[in-house]
There are 6 protein chains.
Amino acid sequence: MKVKVSRKANFNAAHRLYRKDWSFEKNEAVFGKCNNPRYHGHNYDLIVSVEGEIDPETGYVMDMKVLKDLIKDQVEERFDHKNLNEDVPDFQNLNPTAENIAVVIWNYLRPHIDSANKLEVVLYETPRNFVTYNG
Amino acid sequence: MKVKVSRKANFNAAHRLYRKDWSFEKNEAVFGKCNNPRYHGHNYDLIVSVEGEIDPETGYVMDMKVLKDLIKDQVEERFDHKNLNEDVPDFQNLNPTAENIAVVIWNYLRPHIDSANKLEVVLYETPRNFVTYNG
Amino acid sequence: MKVKVSRKANFNAAHRLYRKDWSFEKNEAVFGKCNNPRYHGHNYDLIVSVEGEIDPETGYVMDMKVLKDLIKDQVEERFDHKNLNEDVPDFQNLNPTAENIAVVIWNYLRPHIDSANKLEVVLYETPRNFVTYNG
Amino acid sequence: MKVKVSRKANFNAAHRLYRKDWSFEKNEAVFGKCNNPRYHGHNYDLIVSVEGEIDPETGYVMDMKVLKDLIKDQVEERFDHKNLNEDVPDFQNLNPTAENIAVVIWNYLRPHIDSANKLEVVLYETPRNFVTYNG
Amino acid sequence: MKVKVSRKANFNAAHRLYRKDWSFEKNEAVFGKCNNPRYHGHNYDLIVSVEGEIDPETGYVMDMKVLKDLIKDQVEERFDHKNLNEDVPDFQNLNPTAENIAVVIWNYLRPHIDSANKLEVVLYETPRNFVTYNG
Amino acid sequence: MKVKVSRKANFNAAHRLYRKDWSFEKNEAVFGKCNNPRYHGHNYDLIVSVEGEIDPETGYVMDMKVLKDLIKDQVEERFDHKNLNEDVPDFQNLNPTAENIAVVIWNYLRPHIDSANKLEVVLYETPRNFVTYNG
């Protein structure tokens with residue numbers, strides 16, 4: 001019996017959407033107010049889901065405490081109260097759009113999840129804008 | 001890398017559930033209090049999702065500002081502060097159930113979304129009743 | 001020990017904001033799209049609060065089941081799946097703004113609440129617009 | 001046209017996570033504070049979804065009133081204001097993890113849903129922990 | 001400049017509403033299904049607010065980290081994953097209604113808050129039932 | 001009949017908590033990770049409330065459209081997608097804590113609200129941390 005278990009977490013970060021290899025004008029045209037060179041920020045909400053068989057011993061697909069700690073170690077420690085562009089090496093040359101942040105998070109989590117299980121990341125940049133990545 | 005990007009919007013509308021070709025009694029039996037001939041209404045919440053490849057140039061699947069404006073033009077302008085039965089031609093002969101409204105919204109949006117991308121519409125009639133349509 | 005106990009309820013209704021004694025043009029100027037003559041609608045959320053002494057026998061200020069039933073009888077039965085302008089006599093000559101609806105609800109509930117206790121009504125017309133009335 | 005219709009419900013219950021055939025120490029090591037022998041509890045939120053063709057007669061995949069009543073009869077009557085371990089026979093020898101509760105709910109609902117339609121159960125143990133089961 | 005600062009927390013607990021000095025029948029008549037002798041439970045949400053002058057040095061009324069830790073020590077450690085009737089001495093002879101729990105929490109927090117500042121506790125038993133206590 | 005009308009809005013901004021006249025070490029000791037020199041950020045939610053008499057002509061205390069536009073002009077234009085420390089002159093020498101931001105917002109709104117009416121600002125820095133200011 002396959003079940004998907006989901007854990008919600010969050011982190012607060014600053015970011016700027018732009019490409020270093022574009023002019024300010026081009027960045028402004030494409031990214032608008034998200035291109036503010038002095039940054040803006042968000043409370044990011046994150047839902048990490050793992051789909052797999054229920055362990056008949058425990059009744060768990062995965063211990064949610066383990067998943068919670070994994071998200072803390074792999075995501076919150078890296079991103080919370082950080083400037084994504086300046087403090088996080090992954091975004092040195094990668095635009096920190098919600099899409100790209102979700103992929104980076106998925107890549108950090110994937111090696112720590114049982115390879116028989118599916119992994120999904122949903123990232124809310126705001127309550128009205130969010131993205132979903134399944135690998 | 002395929003990502004699903006989602007945008008939440010909303011509109012407030014009146015409607016009545018009934019079929020013109022049924023008697024009042026049959027409508028009452030099937031649709032209950034939703035058949036009030038003087039209408040009732042809802043704050044509809046809408047989540048529109050587009051799934052596709054991340055554009056390596058921008059880091060976007062689709063610019064959320066473009067999706068926001070598209071929802072405004074194609075959905076909010078037609079439905080917000082309207083009587084769905086009386087003001088919206090699509091429901092002249094189609095019962096405005098959440099299911100049918102979601103399909104109508106999907107059909108309005110589909111031509112404006114890159115044909116390589118998938119489109120999904122989730123429509124909340126109330127926080128407890130909602131529907132999902134993928135085409 | 002005075003405690004305020006609160007109960008959340010909801011009803012879905014159609015309405016139109018306008019005055020019968022004003023021209024259509026004046027109503028349009030003042031009430032904008034809320035003046036649609038064919039109505040629009042909302043999912044109204046309602047929070048009713050009663051403040052009073054804790055009964056040392058029960059540990060209740062007021063039995064929430066009693067408050068729930070009172071809201072059902074006095075508010076939901078009158079307003080749910082109704083057209084406020086057409087179906088509810090209170091709004092025959094009173095504009096059904098959130099402010100006026102909250103006052104009407106407060107007046108219906110007040111006689112049923114212990115006169116030693118305070119009564120408060122919060123009415124959400126949308127998640128972004130709401131009003132509070134204390135009598 | 002296939003649409004998924006969803007209905008949200010809830011129930012409040014006590015439970016304890018443990019296996020009768022394990023020592024207290026082993027249960028404590030695996031289930032931590034969820035192994036409190038005097039129980040703890042949750043407000044469980046439940047989303048039941050049915051996916052199928054829209055009935056062209058009614059515009060419904062399934063009458064939400066019918067789905068609401070079905071959830072009340074099959075789930076709320078069994079679980080609400082109950083001790084899952086002590087009051088619900090299904091959990092006499094089955095650990096009431098969110099995963100197992102979701103499967104039990106799905107099994108109770110499945111016979112009452114049109115066999116042509118898909119059934120999905122999402123169960124929130126807390127706003128931050130939830131599971132999804134599709135059969 | 002007086003500002004009220006608020007911090008949201010939560011705990012999950014089992015409880016039973018009843019009086020030991022009443023018959024089962026009387027408890028059943030007054031507390032209904034909340035009198036289940038094998039307990040039921042809730043995810044309690046808690047909002048603790050402190051009102052006072054902004055410290056011109058820090059711009060804080062009170063450091064939210066300090067308030068967060070205080071709630072953890074005084075409330076979560078005592079109540080989370082507990083049976084309120086069986087595990088918490090305060091409710092040995094006091095019915096754990098939302099009203100009484102809020103007063104108990106307020107009394108635990110009050111000595112730790114600057115006496116010049118006001119303290120308010122809001123306790124949600126469910127998203128639809130909540131209470132407020134100001135001392 | 002006095003009613004309080006409330007309008008919810010939001011803005012997304014970067015900030016850093018620190019005092020220019022303190023050493024980095026002292027700022028770190030007092031403000032912890034909020035003192036990141038490269039900033040972090042939040043989705044701020046704002047509830048602005050105006051309390052006054054219902055205008056018997058319109059049934060409004062204040063036209064919510066006017067309040068919405070006022071919040072847009074006075075708050076969103078100044079703060080949305082900005083760095084509060086770098087882009088907003090008010091915080092050149094004032095630490096942008098939630099408390100101070102709420103006071104600054106209140107001061108910007110007050111001259112535009114009828115002097116007979118009360119004004120309240122609630123500012124959510126995160127869903128778990130918020131402040132209330134009444135002047």
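Residues numbered from 1 in each chain as written. Chains lettered and ligands numbered in written order. Predicted model: local features only at pLDDT ≥ 70, side-chain atom pairs only at ≥ 80, totals over all residues. Heavy atoms only, no water.

Rotating chain F by 180° and translating it 0.0 Å along the rotation axis places it on chain A, where the RMSD comes to 0.0 Å. This pairing of chains is accounted for by a two-fold axis. Counting the interface residues of chain F, we find that 100% of their copies in chain A are interface residues as well, pointing to one common contact surface. (Least-squares fit on C-alpha atoms with pLDDT ≥ 70 in both. Contact = heavy atoms within 4.5 Å.)

The next thing to look at is helix α2 (residues 64-79) of chain C. For α2(C), built from 16 residues, the straight-helix expectation of 22 Å at 1.5 Å per residue is met to within 8% by its first-to-last C-alpha distance of 21 Å. Most pronounced at Lys72(C), the bend in α2(C) amounts to some 35°. Met64(C), Leu67(C), Leu70(C), Ile71(C), Gln74(C), Val75(C) and Phe79(C) are the residues of α2(C) that are buried. Those residues of α2(C) that are buried are in contact with β1 (2-15), β2 (40-53), β3 (82-83), α3 (84-87) and α4 (98-109) of chain C together with β5 (129-133) of chain E. The backbone nitrogen of Lys65(C) has a side-chain oxygen 2.8 Å away, supplied by the residue at the start of α2(C), namely Asp63(C). (Helix = DSSP H or I, 4+ residues; strand = E, 2+ residues; numbered from the N terminus. Expected span 1.5 Å × (residues − 1). Bend = angle between axes of the 7 residues up to and from the residue. Buried < 20%, exposed > 50% of the residue type's maximum accessible area, 1.4 Å probe, protein only. Polar contact = N/O pair within 3.5 Å; in protein donor to acceptor, adjacent residues only side chain to side chain.)

Now for the packing of aromatic side chains. Here the structure, examined in full by the defined rule, presents 42 aromatic pairs over all chains. Judged by centre distance (4.4 Å) and plane angle (20°), the ring pair of Tyr124(B) and Phe130(B) falls under stacked. Accessibility expressed as a relative area gives 24% for Tyr124(B), which makes it partly exposed. Given the relative accessible area of 10%, Phe130(B) is considered buried. Seen in terms of ring centroids, Phe79(D) and Phe91(D) are 6.1 Å apart; in terms of plane orientation they differ by 50°. Their pairing is tilted. Note that Phe79(D) is positioned in helix α2 (residues 64-79) and Phe91(D) in the loop between α3 (84-87) and α4 (98-109), a separation of 12 residues in sequence. Taking the relative accessible area as the measure of exposure, Phe79(D) reaches 0% and is therefore buried. (Phe/Tyr/Trp six-rings, centres within 6.5 Å; stacked < 30°, edge-to-face > 60°.)

Counting from both sides, the interface comprises 21 residues of chain F and, opposite them, 21 residues of chain A. Here chain F and chain A share an interface that buries about 1,600 Å² over both sides, 48% of which is from carbon and sulfur atoms. When the area that chain F buries against chain A is broken down by residue, the three leading residues are Arg38(F), Asn43(F) and His81(F), summing to 37%. In this structure, the connection of chain F to chain A is made through four salt bridges. For Lys33(F), the salt bridge identified is with Asp80(A), shortest N-O distance 2.8 Å. (Buried area = accessible area lost by both parts, 1.4 Å probe. Salt bridge = Lys/Arg side-chain N within 4 Å of Asp/Glu carboxyl O.)

Once that is clear, we can look at the pairing of strand β2 (residues 40-53) of chain B. Residues and elements named next belong to chain B. Among the 14 residues that make up β2, 11 are buried, leaving the element largely enclosed by the rest of the structure. In this sheet, β2 lies alongside strand β1 (residues 2-15) in antiparallel orientation, the contact comprising 14 bridges. The partner of Asn12 across the bridge, within β2, is Asn43. As paired strands, β2 and strand β4 (residues 118-126) are joined by seven bridges and run antiparallel to one another. What sits directly across from Glu51, in β4, is Lys118. (Pairing = 2+ DSSP bridges.)

As a further point, take the arrangement of the chains. Nothing in chain C touches chain D; the tightest C-alpha to C-alpha distance between them is still 14 Å. Over all C-alpha pairs, chain B and chain F never come within contact, reaching a minimum spacing of 14 Å.

Now for the environment of Asn35(E). Residue and element names in this part refer to chain E. Among the secondary structure elements, Asn35 is positioned in the loop between α1 (24-31) and β2 (40-53). When its relative accessible area of 0% is taken as the criterion, Asn35 is described as buried. Excluding residues that lie within four positions of it along the chain, Asn35 makes contacts with Arg16, Leu17, Tyr18, Phe24, Asn27 and Glu28.

Right, let's get into unusual backbone geometry. Glycine aside, residues mostly have negative phi angles, and peptide bonds mostly take the trans form. Even without being a glycine, His81(A) presents a positive backbone phi close to 55°. Residue position: His81(A) is located in the loop between α2 (64-79) and β3 (82-83).

Per the stated rule, a full pass over the model turns up 39 salt bridges over all chains. Across the salt bridge formed by Arg19(A) and Asp21(A), the nearest N and O atoms sit 3.0 Å from each other. Looking at Asp21(A), the relative accessible area reads 56%, which means it is exposed. Here Glu53(D) ties to Lys2(D) by a salt bridge, and the two come within 4.0 Å at their closest N and O atoms. Pair noted here: Glu53(D) is in strand β2 (residues 40-53) and Lys2(D) is in strand β1 (residues 2-15), with a separation of 51 residues, a long-range link.

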